[in-house]
Every structure is written in structure tokens, then in C-alpha cells.
Amino acid sequence: SVKAVMICGENGKFSAGADIKGFSSPKRRGIALGPIVSLIERSEKPVVAAIEGVALGGGLEVALGCHYRIAHVKARMGLPEVTIGLLPGAEGTQRLPRLVGVPAALDMITTGKVLCLVIPPAWPKTHEFLLPMYLPDVDALFCNSIFLPPGQPLGPRRLSLKPVPKLPNMEAFLSEALVKVKKQAHGCLAPELCFQAVKAATEQPFADGVRREQELFNVLLTSGQAQALQYAFFAERAVQKWTTPSGASWKISDSVSLLSLGLGTMGRGIVTSLVKAKIPVVALEQDLEYLNMGRKAVMFLLEREAMKMEQGAQTLDFHNPARLQFTVDFDVLRDVDLVIEAVFENMALKKEIFHKLSRICKPGAFLCTNTSALNINEIASATSRPQQVIGTHFFSPAHVMKLLEIIYGHHTSPTTIATAMQLAKVLKKVGVVVGNCFGFAGNRMMFPYAQQAVFLLEEGSRPEAVDQVIEDFGFRIGPFRMSDLAGLDVGTPARQRHGHRYSPLPDLLCENGRFGQKTGKGWYQYEKAGGRTAKPDPWLHSFLSQYRDTHRIKTRFIDQEEILERCLFSLINEGFDILAEGIASGPEHLDVIYINGYGWPKHRGGPMFYASTVGLSRILAKLQKYSEAHPDVPGLQPSAFLKKLVAMGNPPLKEWMSYLSRPNNKL
Ligand SMILES: CCCCCCC[C@H](O)CC(=O)SCCNC(=O)CCNC(=O)[C@H](O)C(C)(C)COP(=O)([O-])OP(=O)([O-])OC[C@H]1O[C@@H](n2cnc3c(N)ncnc32)[C@H](O)[C@@H]1OP(=O)([O-])[O-]
């Protein structure tokens, strides 16, 4: 007597897909979703997927097995398996191309992008709920979603029986798409295997395509990259769960106003991200000239961001003075709830500003400083409210980069930390709380890495060789290309001395007017000042040879393994010290920092996860070997904590912190 079946979710959500934790569970064996989706599709009764909230991964695959899909206007749909190192493993790679065509299916499956419904303006505004599913640029989907009259056979509604829509130039399209997918993958396997699965849909009957999908799914499942990406998924969520025993919290609401002080590169990006998050903001500069320059730059960034947004410029509302104001009047400080100071990195200047802030701002106002290395306690000491002072280290460009390193000082209160974490959340950034030390967690680990890279040049390597190894590992950009991009005159603390090995190479390059991309020359040569295409530079090669001759350094061939290990293991080694000192609460925190702020390849799970996959004993042995060869480089001397973990038999990453004898977390 059943006429039709409707599958829906609960609590306003259809489904987030398979339980990601289940992939590493021993109970997973033998469980599959594809046959269930096929069973749904074979049903003689019409089955309708009613999609609300999200339909992701296996959830969307279930919907694809249904005969009809209807969705709420605000529903979001996608196959994000690629982002956790997998491919849609419940026949989705075979059904989606049949529904939306190969180009749209490839785009969704290889990038994992989540799409919102786009309701054509011509549609009658009848009922907000349960509109036929309509994805951008996918007209076929809309047309196919009209219900058949009752009693009609369901055959035409079964996607597995439909052919994949042909393209006139399928072969050429696929080879071009593959090049694009490979280029964007940076060593991650999943996008290419997603491509192969969709390609199978264009070449083979449905059942064979499904078999191919399963084979490829199993390759990914056991690749190691899937574990790393799934670890990163949960680590990102875990580090954001910052709670205080007192339950301190702070809400950023519409009535809260924020002030950003300083409109240099960082300030501009910070103001842009505040406006994007729809937080009322006042931008303050010291004089009119800087203010006007800053205003122009911010408006340019906002216009660009507005263009990228689907709904168009009006939604950002940045011409509304109630949302964004520019001023040189320090009196505005009296009314704001939170200040983000982003003047340049100079302790005396920052202290002067914080002294002023402390005098003018209302007693409850929080004072954040955007710094990448300066001592938060010293800055806070210039105020009469050190409990409300906190470091918020944004990464450049601040309106793009996801990481917000949040640094608490000796006196920072839990409410202030909760506020900064809440700020990260509303800015859609990943906030990670760390302790106060030079360079905090991220940059402190970067110093030995950058230092090793330069030492390798002294000993015989070349910038292009070092960059290549690091980029092959999966970083988007190697240390020298990065240094050229940032500018060699932007302080790289790799040049500190303190009686240890020091390389003057970056300074010597600066003395030669080679500041990087901005001068058209740095570690590489560029087509012009401000050019982006790095070319190896014969001048630099002979400069390096002369340098080695002058300092009687014997040039030797340095292989890829040594380059990789010296750069990465020294970074990881510093990470162990940071954990032991209680600067970070756990290895996951360092991994999240590196993935979101430093371009560490996510499919390698972050530096500490990577260390656990390499094996701590191996890392220790290599560090011992390199530190014997370079006794004057402290960054290569194995961390005591690393040694302890090895002595304890190399415990799994989630147990590392239990081997610290004192409470690690200064919070
Ligand atoms: C094994 C047999 C099957 C084989 C066949 C496989 C078929 C299929 O192709 C594979 C998949 O579907 S792969 C899956 C493809 N699907 C995806 O990749 C979707 C991944 N998920 C998302 O994109 C986002 O979480 C949502 C947009 C769903 C919600 O965003 P939001 O509102 O900002 O909230 P939030 O903070 O992000 O999450 C809230 C809580 O839920 C948790 N959790 C969430 N999804 C989970 C999952 N699938 N699993 C487990 N847990 C999941 C999350 O950890 C957090 O937990 P906590 O303990 O409170 O910390």
C-alpha cells in the first residue's frame, strides 16, 4: 500500500556522508554503501530525497540513488571525499556524470567543492521549502527533477540506466582536465584518482565503472594520505574547542564594534576580513596621508572580494559608514569593544600605542596586537589592563589566510582568550591558542627550517634545488621562492648569531640590491621588478662559488634526501621543544598551524603527524647524524622530548603529551 518513500535527515540536515572515523575502524570491513544506493534505485516505488542543510559525500550519493531529489533553498551539496583523501565510494563517480554531465561532475568530484542552490530569478516564489534541486550551471538537473505523472515506470528516473552525456571533444577535454587536476594536486593522490573514476564513467558501462571506482577507492583508503587528511580534519576541529573551566566566553554581535589600527599590508587585510565577516569596523591611522592610501587599498580589496561573492557587491555593504569607517581621530577609541593593532613590528612603537590605548579605551575593551614574534608580556606591560591584552597573529594576506595564531601572555584572562577564539570563528579562520615565546609556535619552527635552507647553499646546493625538493614534498612554494616573495629585507631571524653558526648570505644579497621579487632579483632573477616568474640566476651561482672560495667551504653534492631531512627534521625538532615547554597544547595544534598558515601539504597531515609516520627513531637518528656533522647548529641537536619519546618506544601521537612530566599547558 506504500505509494512512495521519502528519505530525509534530522535536525535540518540531510547527511554529512559516511562517518569519517569509521574509515580507520577495524569494524569497517565488509560494510559498503554502494549496494544500498543501488537497492534504493531499483525500488519499484518512487523514492524521493528531501534535502535540507547539507547533503555531502555518501549522503549525496544516497540522494543520487533516489528517483527524485528536492531541496531546501539553503541546502548545500557536494562530494568532498577528495578533501579527506578519498573518492566518492558509493557509486557517486558513476551517477553524478550521468546527471550533470562530465565537466560539472569532474569539477565537483576532483575539488570537493560544496555548492549552494542557485534559484533562477524567473522562478515563482511559492514555497521556500523543497524546491527542485538546481546546481549552478547545471540546467539538466533542474529539468530532470520534475516529477513524472503517477503510474509511469521509474526506469527513466534511474541514473544508472542513463548514458553519460557525450561531449563533442571528450578525449581532448579529459586530457586537458587531467593536466589541470595534476597541477593543482601538489602531490596529493586523491584528485587524480577521482579523475580516473569519472573517466571510467565515460568509457565503461555502469557496473564496470562501479568496479573501477571500488578499486580506486581501496587504493586511496590504504594510501596513508587518507589517514593524514582525516587526521587533519579532526585536528582542525579539536583545536578550536577551547574552553575555560570558568566557561568564559564572549559574543561578537552586531552591536559590537571593532577597531583596526594601522593600515599597512596587514591592517588592510584585517579590515577586509572584518568587513567580510560583517563586523562593524573603524579603521584608524595616524595621519591623513596614510589613511587615504590605506582606504584606497582596502576599498580595492573589498571590491575584489565582493566580485568573488555570488550575491554581488551590495551584500558586503562596505560603503555604509555604520559598517566601515576610516578616521585619524583617536577619540573613536573611547567607544570600541575590541582593538586590533597592526602597526609595524617595533616594540617601542607598540608599547607607546598600547599605553595610549589603555588610557583612552573603555575599561572593558580588549586590546589585540598583530605581531609575528614580539613579546606579548612586554607589550601588555605598557597598559594598566594586561589581562585584556592578547596577541593575534594574522597571516598575510590576512583576508585570505585561514590561520589566526592567538598568543596569551602571563596575565591574559580566559575571557580575553575566549574572545580572540570567538573572533577567529566569526572571521571563519582557524584559531589556535599558543603560549608566548620568540616567534610563538609557527615562526619559531620556521627559523631552523629557513636556516638550514641557507646553510645548504653555503655547503654546495642551489636555491632551485632546495625549492624543488620542498615543492616536490608538497609545499606550494619552497623557502627561497618564498623569501623572494616576502622580500629579503623582511627580517628572517635565521640571521641571528648568539655564537652559533650564522649565514650572512641573505644580508649579502640585500647589500647587492637583491631584495627579491620587488627588485626583480633575489635568490632568483625575475623578468622585471615585481615580476613573478623565478628563473635560476647564473649571477647567484657564481656568487655562491666565490663565497665558498672566500670562506674555504668545500663544495659538495647534496642529495635530495639530505635537503628534505635537514629542512623538515629541524622544523619538527623545534616542534618537540615547543611541546615540552608548553607553548602549544599538543602536536595537533602545531599541525593545524602548519597546514593553515605555512602551506604544509595537508595530505602529509602536518609536521608532527608526518614525524609520526616517518618514525621518531628515524628522525632522532638522522638529527644525531646531522648534528654530529654540524655541531655549531643548535637546531639540529635532538630535542630532549623527542629522545624521551623514542626511549619510551615511539608511542602513538595522541599519547605524546602524557609523557611530559609537568603539566604542559600553561593555560
Ligand atoms: C564505511 C562504509 C562506507 C564506504 C563508502 C563511502 C562512501 C562515501 O563516498 C564516503 C563519505 O561519505 S566520506 C564523508 C564525506 N563527508 C565529508 O567529508 C563531510 C565533512 N564534514 C563537513 O564538511 C562539516 O563537518 C559539515 C558541513 C557537515 C558541518 O560543518 P559545521 O556545522 O561547521 O560543523 P563541524 O564542526 O565541521 O562538524 C560538527 C561535528 O561533526 C563531525 N563530523 C562532521 N562530518 C563528519 C563525518 N562525515 N564523519 C564523522 N564526523 C563528522 C565533526 O568532526 C564535528 O564533531 P565534534 O566532535 O563536534 O568536533
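Definitions and cut-offs
- Residues numbered from 1 in each chain as written.
- Predicted model: local features only at pLDDT ≥ 70, side-chain atom pairs only at ≥ 80, totals over all residues.
- Heavy atoms only, no water.
- UniProt positions renumbered as here; feature names shortened; annotations may be inferred.
- Salt bridge = Lys/Arg side-chain N within 4 Å of Asp/Glu carboxyl O.
- Helix = DSSP H or I, 4+ residues; strand = E, 2+ residues; numbered from the N terminus.
- Axes fitted to C-alpha atoms, helices over the stretch in contact; angles between N-to-C directions.
- Parallel < 35°, antiparallel > 145°, perpendicular 65-115°, else oblique.
- Left-handed = near helix turned anticlockwise from the far one by under 90°.
- Contact = heavy atoms within 4.5 Å.
- Nonpolar A, V, L, I, M, F, W, Y, C, P; charged D, E, K, R; others polar.
- Pairing = 2+ DSSP bridges.
- Near = heavy atom within 4 Å.
- Polar contact = N/O pair within 3.5 Å; in protein donor to acceptor, adjacent residues only side chain to side chain.
- Areas by Shrake-Rupley, 256 points an atom, 1.4 Å probe, with all protein chains shown as cover.
- Buried < 20%, exposed > 50% of the residue type's maximum accessible area, 1.4 Å probe, protein only.
- Right-handed = clockwise from strand over helix to strand, strands pointing away.

Per an unreviewed UniProt entry, the chain carries the name Peroxisomal bifunctional enzyme and comes from Strix occidentalis caurina. The Subcellular location (unreviewed entry) field of the UniProt record for the chain holds the comment "Peroxisome". Note on the chain: under the UniProt heading Subunit (unreviewed entry), the record states "Monomer."

Enquirer: Just to check I follow, could you spell out the pattern of salt bridges for this structure?
Expert: Side chains that differ in charge, positive against negative, can pair when their charged atoms come close. Evaluated as defined, the whole model comprises 27 salt bridges. Put simply, glutamate 561 and lysine 622 hold a salt bridge, and the shortest N to O gap is 2.9 Å. Of this pair, glutamate 561 sits in helix 20 (residues 560–580) while lysine 622 sits in helix 23 (residues 616–629), placing them 61 residues apart in sequence.

Enquirer: Would you take a moment to explain the packing of helix 15 (residues 442–459) against helix 16 (residues 463–473) for this structure?
Expert: One can describe the packing of helix 15 onto helix 16 by two numbers: an axis separation of 9 Å at closest approach and a directional angle of 140°. Accordingly, the angle class assigned to the pair helix 15 and helix 16 is oblique. Note on packing geometry: the crossing formed by helix 15 with helix 16 is right-handed. Residues Tyr449, Ala453, Leu456 and Leu457 of helix 15 lie in contact with helix 16, whose contacting residues are Pro463, Val466 and Ile470. Grouping the constituent residues of the contact of helix 15 with helix 16 by class yields 7 nonpolar, no polar and no charged.

Enquirer: I tried to follow the sheet that holds strand 8 (residues 258–261) on my own but got confused; where do I start?
Expert: Hydrogen bonds between backbone atoms are what pair the strands of a sheet, whose relative direction is either parallel or antiparallel. Across the sheet, which stays open at both edges, the 8 strands sit in the order 10-9-8-11-12-13-14-15 with mixed pairing between neighbours. Taken across any chain shown, the strands that pair with only one partner, and hence form the sheet edges, are strand 10 (324–327) and strand 15 (430–434). Direction aside, neighbouring strands of the sheet carry axes that sit 25° apart on average. The pairing of strand 13 (residues 389–394) with strand 14 (residues 403–408) spans 5 bridges and is classified as antiparallel. Across the sheet, the residue bridging to threonine 392 is isoleucine 406, located in strand 14.

Enquirer: Could you clarify how one ought to interpret the site of the ligand in this entry?
Expert: Near the ligand, the surroundings consist of 21 residues, among which Gly58, Glu61, Glu81, Arg237 and Lys241 are the closest. Taking glutamate 61, its side chain carries an N or O atom lying 2.7 Å from an oxygen atom of the ligand. The backbone of glycine 89 places a nitrogen or oxygen atom 2.9 Å from an oxygen atom of the ligand. Relative to its unbound accessible area of 1,100 Å², the ligand is 69% covered by the protein chains. The set of elements that each furnish at least two residues to the shell around the ligand consists of helix 2 (58–65) and helix 9 (225–239). In terms of residue count, helix 9 provides more of the shell around the ligand than any other element does, 3 residues in total.

Enquirer: Any chance you could explain the pairing of strand 8 here in plain terms?
Expert: Judged by which residues are buried, strand 8 turns out to be covered on both faces: Leu258 and Ser260 on one side and Leu259 and Leu261 on the other are all buried. As paired elements, strand 8 and strand 11 (residues 338–341) share 4 bridges and run parallel to each other. What sits directly across from leucine 259, in strand 11, is valine 339. Summarising the sheet, strand 8 and strand 9 (residues 281–284) pair through 4 bridges and their orientation is parallel. If you follow leucine 261 over to strand 9, its bridge partner there is leucine 284. With respect to chirality, the unit in which strand 8 leads through helix 10 (residues 265–276) into the neighbouring parallel strand 9 is right-handed.

Enquirer: Even after reading the chapter, I still don't get the packing of helix 20 against helix 21 (residues 587–597), so can you show me in this structure?
Expert: Between two packed helices, both the angle of their axes relative to each other and the distance between the axes serve to describe the pair. The contact between helix 20 and helix 21 brings their axes to 10 Å, and the two run at 135°. By the angle between their directions, the pair helix 20 and helix 21 is classed as oblique. Both helix 20 and helix 21 take part in a crossing whose hand is right-handed. Residues Leu571, Gly575, Ile578 and Leu579 of helix 20 pack against Pro587, Leu590 and Tyr594 of helix 21. Of the residues belonging to the contact of helix 20 with helix 21, the class tally is 6 nonpolar, 1 polar and no charged.

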